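# What the coordinates show
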There are 2 protein chains.
Amino acid sequence: MKSDHHRSPMGLTKNQTLVFGALSHAEGPLSAYAILDQLRDKGFRAPLQVYRALDKLISLGLIHRLESLNSFVACQHPECDDRESMVFAICEICGKVSELADDSLENQIKTLAKRNGFSMKTCAIELRGHCRDCRPN
Amino acid sequence: MKSDHHRSPMGLTKNQTLVFGALSHAEGPLSAYAILDQLRDKGFRAPLQVYRALDKLISLGLIHRLESLNSFVACQHPECDDRESMVFAICEICGKVSELADDSLENQIKTLAKRNGFSMKTCAIELRGHCRDCRPN
DNA sequence: ATGGCATGTGTTATAATGTAACGCAATCGA
DNA sequence: TCGATTGCGTTACATTATAACACATGCCAT
Ligand SMILES: [Zn+2]
Ligand SMILES: [Zn+2]
Ligand SMILES: [Zn+2]
Ligand SMILES: [Zn+2]
């Protein structure tokens, strides 16, 4: 019995585990091609190997895509698979990203959408500014 | 006196006027290359001619960039040059985009950021879902 | 006026990001 | 056991964005 398409502890396949590991240990967001380069010595050869793993990890809520950076981060919360609204604060100085959460904000946005006849499924919020460590003062 | 680098009514140059016109008359968002193709018979030859005009128009608040679509829309409000938070509702069926506005939402996000030690400069919010015309029912 | 600076332009080439399409293998459920 | 689903590996390609260089115009301070 060959163990379920080679799945490791969390139910991830080998490629998914490697990509998730790269993002989990990274200081900041990584582009797909940065991940590819990191994993070349693990046998990765083509962008699709990365993108397919990324798609799966996103659908599981284990990682998120930063639309304004074309890059990816590991989720910083225990459970994001049920959440509809993500909030990311991107520091324009050091590049670090923090994932914020606020349920009332999520509701307010959904209500704003509804008032405008729009039925919201998901929502991506990306802030730019300065993090605590990079304050001008 | 050669008229200020060939500027038209709004203070835009020829290229900026052409790009703004293409976005203003479009049904939905356009990619930079879609704009380039539309303007080939006006003398456009290279992506940089588009991207440079786009950069300027964005800095003037006349157009916005949709991060999750890698494309651009004309602003649907009279004045967006002072606004810090944009909200776009993107219909996943018909592709139409509406630009929403809510000052209290903007304040709430800024406050959420501040609570987390983040000093927010700008904010991009992009919703996915179904517009009024594309409701399943 | 003139020399420096900022802005806009045109061009070529290249970088960075993302997919299509094919074949194959393993698993799962009926 | 058969068909549907998911994952993998590969090649080639499509899309999005910039670097670098040369030139022109308008502005402004000396
Ligand atoms: Zn998360
Ligand atoms: Zn920082
Ligand atoms: Zn606007
Ligand atoms: Zn629609």
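Numbers given for residues are sequential positions, taken from 1 along each chain in its written order. To label them, take the chains in the order written and letter them from A, then take the ligands in the order written and number them from 1. For a predicted model such as this one, the threshold for reporting local features is a pLDDT of at least 70, and the threshold for listing and counting side-chain atom pairs is 80 or more; totals across whole chains, interfaces and linings nevertheless cover every residue. Based on all heavy atoms of the structure, the side-chain values leave hydrogens and waters out of the count.

### Let's talk about the pattern of salt bridges
What counts as a salt bridge is simple: a side-chain nitrogen of Lys or Arg found within 4 Å of a carboxyl oxygen of Asp or Glu. The tally for this structure, following the rule as stated, stands at eight salt bridges over all chains. Two residues, arginine 128 of chain A and glutamate 92 of chain A, come together in a salt bridge whose shortest N-O distance is 3.9 Å. Of this pair, arginine 128 of chain A sits in strand 5 (residues 119-130) while glutamate 92 of chain A sits in the loop between strand 3 (85-91) and strand 4 (97-100); the two residues are 36 residues apart in sequence, bridging distant segments of the chain. Accessible area is worked out with a 1.4 Å probe on protein chains only. A residue is then buried under 20% of its type maximum, exposed over 50%, and partly exposed in between. Exposure remark for arginine 128 of chain A: the relative accessible area of 19% places this residue in the buried category. With a closest N to O distance of 3.1 Å, arginine 65 of chain B and glutamate 67 of chain B form a salt bridge. Elements are defined by DSSP. Helices are runs of H or I of four residues or more, strands are runs of E of two residues or more, and each kind is numbered from the N terminus.

### Here we look at the packing of helix 2 (residues 14-25) of chain B against helix 4 (residues 47-59) of chain B
All names here are of chain B. Angular values range over 0 to 180 degrees, each being the angle between N-to-C directions of two axes fitted as lines to C-alpha atoms, with helices fitted over their stretch in contact. Close contact between helix 2 and helix 4 brings their axes to 9 Å; oriented N to C, the two are set at 80°. In terms of axis orientation, helix 2 runs roughly perpendicular to helix 4. Across the interface between the two elements, Asn15, Gln16, Val19, Phe20 and Leu23 of helix 2 pack against Gln49, Val50, Ala53, Leu54, Lys56 and Leu57 of helix 4. A breakdown of the residues in the contact of helix 2 with helix 4 according to their chemical character gives seven nonpolar, three polar and one charged. Throughout this description, any angle smaller than 35 degrees is read as roughly parallel, any larger than 145 degrees as roughly antiparallel, any in the 65 to 115 degree range as roughly perpendicular, and the remainder as oblique. Any two residues whose heavy atoms approach within 4.5 Å at even a single point are treated as in contact. Throughout, the ten residues Ala, Val, Leu, Ile, Met, Phe, Trp, Tyr, Cys and Pro are labelled nonpolar, Asp, Glu, Lys and Arg are labelled charged, and all others, Gly among them, are labelled polar.

### So, the pairing of strand 4 of chain A
All names here are of chain A. Pairing between strands is defined by DSSP: at least two bridges between the two strands are required. Two strands pair when backbone bridges link them, and strand 3 and strand 4 are joined in this way by four bridges, in the antiparallel orientation. Opposite alanine 89, over in strand 4, you have serine 98 as the bridge partner. Hairpin geometry of strand 3 and strand 4 is characterised by an intervening segment of five residues between the two adjacent antiparallel strands and by a positive phi of about 85° at glycine 95.

### Structural notes on the sheet that holds strand 3 (residues 85-91) of chain B
The strand order across the open sheet built from six strands is 4(A)-3(A)-5(A)-5(B)-3(B)-4(B), with neighbouring strands paired in mixed fashion. Of all the strands in the sheet, just strand 4 of chain A together with strand 4 (97-100) of chain B have a single pairing partner and so form its edges. Averaged over all adjacent pairs, the angle separating strand axes in this sheet is 20°, with direction ignored. Relative to the sheet, helix 5 (residues 103-115) of chain A contacts strand 3 and strand 5 of chain A together with strand 3, strand 4 and strand 5 (119-130) of chain B, its axis offset from that of strand 5 of chain A by approximately 125°. Together, strand 3, strand 4 and strand 5 of chain A together with strand 3 and strand 5 of chain B form the strand contacts of helix 5 (residues 103-115) of chain B, whose direction differs from that of strand 5 of chain B by roughly 125°.

### A few points about a nonpolar patch on the surface
There is a patch of nonpolar side chains on the surface, built from Tyr33, Leu48 and Tyr51 of chain A and spanning about 300 Å² of accessible area. Positionally, tyrosine 33 of chain A belongs in helix 3 (residues 32-38). Note that patches include only residues with greater than 30% relative accessible area and no salt bridge, and the join distances are 9 Å for like charges and 5 Å for nonpolar side chains (Val, Leu, Ile, Met, Phe, Trp, Tyr). Using a 1.4 Å probe, accessible areas were evaluated by the Shrake-Rupley method; residue-level cover was limited to the displayed protein chains.

### Some thoughts on the domain arrangement of chain A
Residues and elements named next belong to chain A. Marked domain ranges trace back to an automatic or database domain assignment. Along its sequence, chain A is carved into domain 1 (14-76) and domain 2 (79-129). Using C-alpha coordinates to define each centre, domain 1 is positioned 21 Å away from domain 2. Each partner contributes to the interface: domain 1 provides 14 residues, whereas domain 2 provides twelve residues. Buried area is calculated as the accessible area (1.4 Å probe) missing from two parts once they are joined, with the contributions of both summed. Contact with domain 2 buries area across many residues of domain 1, yet His64, Leu66 and Gln76 alone supply 42% of it, more than any other trio. Our count for the contact surface shared by domain 1 and domain 2 stands at zero salt bridges. Contacts described as polar in this section are N or O atom pairs within 3.5 Å, which, within protein, must combine one atom able to donate a hydrogen with one able to accept it, while residues neighboring in sequence count only if both atoms come from side chains. Seen at the junction of domain 1 and domain 2, the total is six residue pairs in polar contact (both at pLDDT 80 or more). Where the side of domain 1 that touches domain 2 is concerned, the elements lending two or more residues are strand 1 (63-66) and strand 2 (71-74). A per-element tally of the side of domain 1 that touches domain 2 places strand 1 first, with three residues. Among the residues forming the side of domain 1 that touches domain 2, the class breakdown is seven nonpolar, four polar and three charged.

### Digging into the interface of chain B and chain A
Listed per partner, the contact involves 35 residues of chain B and 35 residues of chain A. Both sides of the chain B and chain A interface together cover about 2900 Å² of buried area, and 58% of this is carbon and sulfur. It is Gln108, Leu112 and Phe118 of chain B that lose the most area in chain B upon contact with chain A, and together they represent 20% of the buried surface on that side. Aspartate 102 of chain A is the salt-bridge partner of arginine 115 of chain B, the closest N and O atoms lying 3.5 Å from each other. Where chain B touches chain A, the interface holds 17 residue pairs in polar contact (both at pLDDT 80 or more). Sorting the residues of the side of chain B that touches chain A by element identifies strand 3, helix 5 and strand 5 of chain B as the ones contributing at least two each. Here the element with the most residues in the side of chain B that touches chain A is strand 5 of chain B; it accounts for twelve residues.

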